[in-house]
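# Architecture and fold: a report
Given next are the chains, with one letter for each unit.
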Amino acid sequence: MVKQYEKPVVEWTGRWTFVLAATGSTVGLGNIWKFPYMTGTDGGAYFIAIYLLCLLLVGIPLLMAEVALGRRARRNPVAAVEFWRAEVHAAPHWRWAGRLGVLAGFLVLSFYAVVGGLGLAYVFFSAFGDFVNAGHESVLAELGHLTASPLDMIGWHSLFIALVMVVSMRGVNRGLERALRVIMPVLFILLAMLVIYAWRNADFDRAVDFLFSMNPGQLRWQSLMDALGHAFFTLSLGMAAMMAYGAYMPQRNSVAVSALVIALADTAVGLAAGLVVFSAVFAQKLAPSSGFGLLFQSVPEAFGGLPGGQFVGCSLFLVVSLAAWSSAISVMEPAVLWCQETLGLARQWSVFVVGVAAWLLGMMTVFSFNIWSRHTFLGANFFEWINFVTASLLLPLTGFLVAVFAGRVVSSGYLGEAMGLRWRPAFLCVRWSLRYLTPAAIALVCVWSVHGFISTLCDQGRAPAWCVSASPMAKSMDEKSKNGVIPAATGAPNSAAAPSRDLAPRR
Ligand code: PHE
């Protein structure tokens, strides 16, 4: 018998607070600079259908597993896995499912904060009217100026981390909960207003066409990999965040309903952001793109040329910053909780330790944009490596371990009890997915992603060592990417913060 459900020290208070907080975690940069472009170039409505299937069959079961494991254990993710391991007498190596997750979350925080800081910078730049009718060259120059200055970047990075720490320091109820109750509604309202603005003032029809028209001709293997990779990454899986948030989830909340609502809200935000961004991009006759190039070049340029561009551009970057903020808050939580429980530190000190460590590590990412941009190891600089190692290796590995642990090591009865899913057919589907589909899908995405990274480095002639392993498949992918079919810089489908090729931090 699984030990009696323990009353947690802290618990989300409202009925929907868990869903709100978890949606804050899932809605991030990926929804804005990755998902809409992928949708538009990978088959439109067909891609959306495939993506929803991937969410339902792969993402949601794993999300439910992470949340349920966390909720039953009521501890930090490392201790939660340890608790379950003892419960089901599993081998010691399963500990790594928790440890790697917390590590991955911490690493993601370090470089996500740098990109979040850039988003914050652009709120101010657009508010001051820097992009009003600014042409392509001057937008490019402004970005070049910012990224070339380590001091400026450190400043924005520090401000972003400080904002995350301030919220986190006040604890789960007085900090996270209160902040997210403001952040999320403001984000939704701003986004809704931007959609209305785009509909009235920009090329809304073309954006609708780009995102929703049925283009079976665009469907490729890459589309499926993109859909799978994004379904996994966008739900903040593999970084222990959902396990930590699950630890505060009240028993009366339904894991399954919450997971469904979170996934739908996340998709809706991605589509709405796509409508706004691409309406503006098409109105200014710019080419659609993704990643850094889209957010920090095309978007300022596009909004700068629209009526009231100063105000709407600023609102859009506010949406970007709020989305990044709520994601960063969630990804800091596992490490903070671990410090509290394992090192016995007070909440404030835990946040201080984790925040300062992430801030320091983030410096390396900052320097990858300027003074260290030419310091490469096997062809990639620090930022590209940390992004690759976390997004393409650590997150999938943790996700894989959690899926197999929940689906195979924990017995059906325990898992069912922890998930509280009483509708038997649904539970059987979830468990079947955790046993077979989710691990297989994650392994596939991982291999594809590593292959993409290697072939990109080979293709760009960064280090000949990579070309030895570049197979014909890599070559054919490279051909497509040369033709602009494959967007991501490193080819990593679930890349957390990949700049587009033209702006990879190398000078
Ligand atoms: N869904 C988030 C995003 O799209 C994923 C994420 C969560 C990334 C937390 C970093 C931190 O950006």
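Residues numbered from 1 in each chain as written. Predicted model: local features only at pLDDT ≥ 70, side-chain atom pairs only at ≥ 80, totals over all residues. Heavy atoms only, no water.

## Comments concerning the packing of helix α8 (residues 150-169) against helix α16 (residues 347-368)
What counts, and what does not: Note on geometry: axes are C-alpha line fits, over the in-contact stretch for helices, and angles between N-to-C directions span 0 to 180 degrees. Each helix is a run of DSSP H or I of at least 4 residues and each strand a run of E of at least 2, with the numbering of both proceeding from the N terminus. These descriptions rest on fixed angle ranges, namely under 35 degrees for roughly parallel, over 145 for roughly antiparallel, 65 to 115 for roughly perpendicular, and the rest for oblique. If you view the pair so one helix is near and one far, a crossing is left-handed when the near helix is turned anticlockwise from the far one by less than a right angle, and right-handed when it is turned clockwise. Contacts between residues were defined by any pair of non-hydrogen atoms, one from each residue, lying within 4.5 Å. Only Asp, Glu, Lys and Arg are considered charged, only Ala, Val, Leu, Ile, Met, Phe, Trp, Tyr, Cys and Pro nonpolar, and every remaining residue, Gly among them, polar.
Closest axis-to-axis distance for the α8/α16 pair is 10 Å, and the angle between their directions is 160°. Compared by their axis directions, α8 and α16 come out roughly antiparallel. The chirality of how α8 crosses α16 is right-handed. Together, Pro150, Met153, Ile154, His157, Ser158, Ile161, Met165, Ser168 and Met169 of α8 and Arg347, Gln348, Val351, Phe352, Gly355, Val356, Ala358, Trp359, Gly362, Met363, Val366 and Phe367 of α16 make up the contact between the two elements. In terms of residue class, the contact of α8 with α16 is made up of 14 nonpolar, 6 polar and 1 charged.

## Some remarks on the side chain of Ser223
To keep it simple, the criterion reads: Burial here depends on accessible area, computed with a 1.4 Å probe over protein chains only, as a share of the maximum for the residue type. Under 20% is buried, over 50% is exposed, and the range in between is partly exposed. In protein, a polar contact means a hydrogen-donor-capable atom and an acceptor-capable atom, both N or O and within 3.5 Å, with residues adjacent in sequence counting only if both atoms are side-chain atoms; elsewhere, any N or O pair within 3.5 Å suffices.
Tracing the chain through its elements places Ser223 in helix α11 (residues 221-234). Ser223 gets classed as buried once you look at its relative accessible area, which sits at 1%. A polar contact is formed between the side chain of Ser223 and the backbone oxygen of Gln218, at a distance of 3.5 Å. In this view, Ser223 contacts Asp42, Phe47 and Gln218; residues no more than four positions away in its chain are not counted.

## Remarks on the pattern of salt bridges
Our working rule: Salt bridges are counted wherever a side-chain nitrogen of Lys or Arg sits within 4 Å of a carboxyl oxygen of Asp or Glu.
In total, this model carries 8 salt bridges according to the counting rule given. The residue Arg74 makes a salt bridge to Glu11 at a minimum N-O spacing of 3.6 Å. Highlighted residues: Arg74 in the loop between α4 (45-73) and α5 (77-87) and Glu11 in the segment before α1 (17-26), separated in sequence by 63 residues.

## Overview of the environment of Val402
Within the fold, Val402 resides in helix α17 (residues 382-409). Under the relative-accessibility criterion, Val402 is labelled buried at 2%. Sequence spacing of Val402 and Gly98 is 304 residues, and the spatial spacing of their C-alpha atoms is 8.3 Å. Ignoring anything within four residues of it in the chain, the contact list for Val402 reads Leu62, Glu66, Leu69, Ala97 and Met243.

## Here we look at the site of the ligand
Just so we agree on the cut-off: In these notes, residues near a molecule or strand are those with any non-hydrogen atom within 4 Å of it. Surface exposure here means Shrake-Rupley accessible area, sampled with a 1.4 Å probe, where a residue is shielded only by the protein chains that are shown.
Around the ligand, a shell composed of 14 residues is seen, among which Thr26, Leu29, Gly30, Tyr112 and Thr234 lie nearest. With respect to the ligand, the backbone of Leu29 contributes an N or O atom lying 3.1 Å from an oxygen atom. At a separation of 3.1 Å, an oxygen atom of the ligand approaches a polar backbone atom of Gly30. Bound to the protein, the ligand loses 100% of the 320 Å² it would expose on its own. The element contributing the most residues to the shell around the ligand is helix α2 (residues 29-33), with 3 residues.

## Notes on the state of the cysteines
Defined as follows: The criterion for a disulfide is a pair of cysteine sulfur atoms lying within 2.5 Å.
Taken as a whole, this structure holds 1 disulfide when the rule is applied. Between Cys458 and Cys467 runs a disulfide, and the two sulfur atoms are separated by 2.4 Å. Taking the sign of the S-S torsion, about 115° here, the bridge from Cys458 to Cys467 comes out right-handed. Its sulfur unpaired, Cys429 is 16 Å from the next cysteine sulfur, which belongs to Cys54. Looking at Cys429, the relative accessible area reads 52%, which means it is exposed.

## Focus: the nonpolar core
Basically, it comes down to this: Definition of nonpolar core: a set of buried residues of the types Ala, Val, Leu, Ile, Met, Phe, Trp, Tyr and Cys, connected through side-chain atoms within 4.5 Å.
Among the nonpolar cores identified, the biggest contains 172 residues, and Phe18, Met64, Trp84, Tyr122, Phe296, Met419 and Leu434 are the most heavily contacted of them. Per element, the largest residue contribution to this core is 19 residues, and it comes from helix α6 (residues 95-127). Core analysis: the next-biggest nonpolar cluster, separate from the first, contains 9 residues, Trp385, Phe388, Cys458 and Ala463 among them.

## Focus on the packing of helix α14 (residues 291-304) against helix α15 (residues 309-342)
Where α14 meets α15, the axes come as close as 9 Å, and the angle between the chain directions of the two elements is 150°. Judged by the angle between their axes, α14 and α15 are roughly antiparallel. Across the interface between the two elements, Leu295, Phe296, Val299, Pro300 and Phe303 of α14 pack against Gly309, Val312, Gly313, Leu316, Phe317 and Val320 of α15. Split into classes, the residues belonging to the contact of α14 with α15 amount to 9 nonpolar, 2 polar and no charged.

## Considering the side chain of Arg462
Position of Arg462 among the secondary structure elements: in the loop between α19 (424-459) and α20 (472-482). Taking relative accessible area as the criterion, Arg462 reaches 18% and is therefore assigned buried. Within the local environment of Arg462, its side chain forms a polar contact with the backbone oxygen of Gly379, the two atoms lying 2.9 Å apart. For Arg462, the side chain forms a polar contact with the side chain of Gln460, separated by 2.9 Å.

## A closer look at the packing of aromatic side chains
Here a ring pair, both rings aromatic, is described through the centre-centre distance and the interplanar angle of the planes. As a reminder, the rule being used: Stacked, tilted and edge-to-face are the three classes assigned to paired rings of Phe, Tyr and Trp, where Trp is represented by its six-membered ring and a pair needs centres within 6.5 Å; plane angles under 30 degrees give stacked, over 60 edge-to-face, the rest tilted.
Counting across every chain of the model gives 31 aromatic pairs. Each ring, one from Phe296 and one from Phe317, has its centre 6.4 Å from the other, and the planes form 10°; the classification is stacked. Residue Phe296 is located in helix α14, and its partner Phe317 is located in helix α15; the two are separated by 21 residues in the primary sequence. This pair shows no difference in class: Phe296 is buried, exactly as Phe317 is. Site record: aromatic cluster; members linked through ring pairs are Trp33, Phe111, Tyr122, Phe124, Phe125, Phe131, Trp156, Phe292, Phe296, Phe317, Phe369 and Phe383.

The values are spatial; any link to function lies outside them.
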